Amino acid sequence: MGHSYFENLLRLDKTETISQRQAQTLKEHLETCAACRAQISAWEEVDRLLQSSSQVTPRLGFSTRWQEHLAQELKYREKIQLWVAISIGMGGAMMILTMLTVWVWLSLGSPLGWFLTLISNLAEMILFISALMVILGRVGEVVPAPMWIGLGLCIFIFLSVVSCMWIVSMHKIFVPRRIET
Ligand SMILES: [Zn+2]
């Protein structure tokens, strides 16, 4: 029997069971034929490689984990965008507030009463802003990212209007007093 016959038997032995007599002749052939033994060890090597590559299937889990990580990173970036928008809005509003209070200071010229009013108003303002930030932080988990810039602008405009109203009302409170005295 030729060499290719045993190679064929080896191949069959991999996929389906061969008869006992075939197994016996194959065993005898392997004892004398180094080429077929090498063939067997090559196949075993291939088997090992296939098995180790099938262990790569947990990569499916890895890829979903990576996607989750990506989603989390996106969420994190959205949060940063939110905070940038809020900071810009708050910063702008605070700047306007400061400028207007300086203007009121210059036009009123009664530092102590003004200062006390400013402090109480600022305290209220800070409370309001922190409450707003807590609310926004919760909304931030629901509202998509592109809305944050618009939201920041809305906050900016809103706070500007509020600070203007505050300045105007302060002016109205202080001006009659000056007339009285
Ligand atoms: Zn052989």
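All figures in this text were calculated on a predicted structure; none of them were measured in a lab. Numbers given to residues run from 1 along each chain, matching the order in which its sequence is written. In keeping with the model being predicted, local features are shown solely for residues with a pLDDT of at least 70 and side-chain atom pairs are shown and tallied solely at 80 or more, while totals for entire chains, interfaces and linings include all residues.

1. Quick word on the overall build of the chain
Just so we agree on the cut-off: Segments assigned H or I by DSSP are reported as helices when at least four residues long, segments assigned E as strands when at least two residues long, and all are numbered from the N terminus. Any residue surrounded by 20 or more other C-beta atoms within 10 Å of its C-beta is treated as buried, while 12 or fewer makes it exposed and the intermediate range makes it partly exposed; C-beta atoms here are placed from the backbone. C-beta atoms are placed from the backbone for every residue, and two residues are taken to be in contact when these atoms lie within 7 Å.
Within the chain one finds six helices and zero strands. In the chain, the succession of helices and strands from N to C terminus is α-α-α-α-α-α. Residues classed as buried in the chain amount to 8% of the 181 residues present. Taking contacts inside the chain between residues at least 6 apart in sequence as the whole, the part at least 24 apart equals 78%.

2. What about the environment of E7?
By secondary structure assignment, the location of E7 is in helix α1 (residues 3–15). Note on E7: 16 C-beta atoms within 10 Å, which makes it partly exposed. In sequence terms E7 and I40 are 33 residues apart; their C-alpha atoms lie 9.2 Å from each other. Not counting the four nearest positions on each side in its chain, E7 is found in contact with C36 and Q39.

3. Focus on helix α2 (residues 20–32)
Rule in force here: Helix span, expected: 1.5 Å multiplied by one less than the number of residues in the helix.
The end-to-end C-alpha separation of α2 is 19 Å, in line with the 18 Å expected for 13 residues at 1.5 Å each. Burial runs low along α2: only one of the 13 residues are buried.

4. Describing the nonpolar core
To keep things clear, this is the line we draw: Each nonpolar core consists of buried Ala, Val, Leu, Ile, Met, Phe, Trp, Tyr and Cys residues. Their C-beta atoms, within 7 Å, join them into a set.
Residues L82, A85, I86, A93, L97, I155 and L159 constitute the largest nonpolar core, which totals seven residues. Of all the secondary-structure elements, those providing two or more residues to this core are α4 (59–108) and α6 (147–180). The greatest single-element share of this core, amounting to five residues, is contributed by α4. Excluding residues within four positions of it along the chain, A93 makes contact with F156, L159, S160 and S163.

5. Notes on the environment of M125
Summarising the element assignment, M125 is placed in helix α5 (residues 111–139). Between the C-alpha atoms of M125 and M94, which are 31 residues apart in sequence, the distance is 10.0 Å.

6. Concerning the confidence of the model for the chain
Cut-off, in case you're wondering: Per-residue confidence from the predictor is given as pLDDT, running between 0 and 100.
Averaged over the chain, the pLDDT score is 75; the fraction of residues at 70 or greater is 72%. Per-element mean pLDDT across the chain ranges from 71 in α5 up to 88 in α2.

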